[in-house]
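The residues making up each chain are set out below.
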Amino acid sequence: MTSPANSADANAGPDRSDVALPTAAATVFESARQTLLMLRYRRVLWYLPIALAVFGALTFVLAGLVHGRISGHDLFCIIAWWGLGTVVVPWITLFLGVQTVHGEIEDRTSQYLFLRPVRRVPLLLGKWIAITLAASAMAWCATAVLFVAIQARADLWPDGRQPHLFWSFGLVLTFGAMAYAAVSVFFGATFRRPLAWAAFFVVGLQMLTANLPVSAGLRQVTITDHLRRMVLDLIEPDRGLAHALWPAERDESLVELSDGAFRFESGSPLVSLLIFTFICLALAAYRYACTEYESRARD
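Numbering of residues starts from 1 in each chain and follows the order in which that chain's sequence is written. Where local features are concerned, this predicted model is filtered to residues with pLDDT of at least 70; where side-chain atom pairs are given and counted, the filter is 80 or more; whole-chain, interface and lining totals use all residues. Side-chain metrics in this entry use all non-hydrogen atoms of the structure; hydrogen atoms and water are not considered.

Enquirer: Would you take a moment to explain unusual backbone geometry for this structure?
Expert: Although it is not a glycine, E236 adopts a positive phi angle of roughly 45°. Strands are runs of DSSP state E lasting at least 2 residues, helices are runs of H or I lasting at least 4, and numbering of each runs from the N terminus. Examined against the element boundaries, E236 turns out to sit in the loop between α11 (223-235) and α12 (239-245). Residue classification places E236 among the partly exposed residues on the basis of a relative accessible area of 36%. Only protein chains enter the area calculation, which uses a 1.4 Å probe; residues under 20% of their type maximum are buried, those over 50% are exposed, and those in between are partly exposed.

In structure tokens, the structure reads:
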């Protein structure tokens with residue numbers, strides 16, 4: 001016969017202290033998967049096919065109007081950099097990242113996740129990976145639409161089409177999405193008004209600092225500076241295109257290559273960008289793991 005004590009122990013259920021926490025890798029993977037699934041409900045993504053179609057049509061018309069004044073090579077590089085590299089990719093990535101992280105904090109759905117037997121840092125890393133993947137996919141799609149639209153004007157390519165331009169900008173914009181996603185999760189985990197801080201970061205710190213004749217040390221805190229140096233290293237532009245992509249840089253910084261192309265003395269922009277991304281992720285992880293968000297007063 002079972003004793004009352006044993007019966008009580010049997011009805012008590014398993015001891016939760018014996019429940020193993022999911023591994024960090026499993027948490028990161030599941031967080032990334034769930035975030036990608038939730039992104040399907042973001043209306044900004046619903047309009048993406050329409051926006052890409054309009055973007056391609058406008059580019060095709062513009063390419064027809066500039067015949068004889070600019071080559072297809074230069075036109076693609078200028079639009080890809082100033083349109084996608086400094087406006088579209090930064091804004092979309094920051095918006096998606098802020099909404100993904102801060103949206104859960106604002107509506108208090110994050111409290112459900114925090115009560116689960118998972119750690120916060122892998123959760124945040126999974127969200128960052130998902131935002132990077134989504135923004136990178138959009139960047140590749142936009143770059144492909146731009147490239148096809150300009151390629152359709154065969155008269156702009158007297159020396160033949162140059163597919164390496166597509167791969168170069170796609171790769172650079174992928175690294176840009178990675179860095180901007182790190183900034184977005186930091187803003188989302190830290191500030192009450194992260195979109196306002198994101199606007200200041202893009203307009204005040206990125207566009208102004210990176211495009212004004214300021215010190216190289218100050219430009220190191222921008223993503224734009226590192227991405228542009230990567231672009232210049234990959235496409236090796238002539239002097240005219242180099243100044244179109246970086247009008248504020250002095251001629252003394254240009255180094256002439258053996259084939260007549262030019263590039264800027266840049267060191268290792270990829271390493272600098274990776275360090276910048278790691279610092280932003282470390283700060284975001286610290287804030288996300290240590291902040292008691294429920295203690296904030298409701299707006």
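Enquirer: Looking at this model, I keep getting lost on the layout of surface pockets. Mind explaining?
Expert: Where empty space is left can be seen by rolling a probe of water-molecule size over the atoms. Approximately 230 Å³ is the volume attributed to the second largest pocket. Here a cavity means grid points, on a 1 Å grid over the protein atoms only, where a 1.4 Å probe fits yet cannot get out; a pocket means an open set of points with protein on both sides within 12 Å along at least five of seven lines; lining residues are those with an atom within 4 Å of a point. In this structure, the second largest pocket is lined by 15 residues; those nearest its centre are L48, L52, V88, I92 and A142. For the lining of the second largest pocket, the secondary-structure elements that each account for two or more residues are α4 (48-65), α5 (72-106) and α7 (120-151). In terms of residue count, α5 provides more of the lining of the second largest pocket than any other element does, five residues in total. Grid points are joined across faces, edges and corners, and a volume is the space filled by probe spheres set on the points.

Enquirer: What's the story with the packing of aromatic side chains in this structure? I'm lost.
Expert: To pair, rings of Phe, Tyr and Trp, with the six-membered ring standing in for Trp, must have centres within 6.5 Å; the planes then decide the type, stacked if under 30 degrees apart, edge-to-face if over 60, and tilted in the middle. Taken as a whole and assessed by the stated rule, the structure comprises 14 aromatic pairs. Measuring from ring centre to ring centre gives 6.0 Å for F147 and F166, while their planes differ by 35°; the resulting arrangement is tilted. Within this pair, whereas F147 is found in helix α7, its partner F166 is found in helix α8 (residues 164-190), the two being separated by 19 residues in sequence. Ring centres 5.8 Å apart and planes at 45° place the aromatic pair F186 and F187 in the tilted group. Seen from the ring of F60, R153 lies directly overhead, with NZ or CZ sitting 3.8 Å from the centre. Charges are assigned to positions over rings by a cutoff of 6 Å between ring centre and Lys NZ or Arg CZ, combined with an angular limit of 35 degrees from the ring normal.

Enquirer: Any chance you could explain the confidence of the model for the protein chain here in plain terms?
Expert: Note that predicted coordinates carrying low pLDDT should not be read in detail. With 77% of its residues at a pLDDT of at least 70, the protein chain reaches an overall mean of 79. Here residues 1-20 scores under 50 on pLDDT; set against residues more than four positions off or in separate chains, the count is one contact. Every residue carries a pLDDT, the predictor's confidence in it, which falls somewhere between 0 and 100. Note on definitions: a residue-residue contact is assigned when non-hydrogen atoms from the two residues lie within 4.5 Å. Across residues 256-262, where pLDDT falls below 50, the model places 14 contacts with residues more than four positions away in sequence or in other chains.

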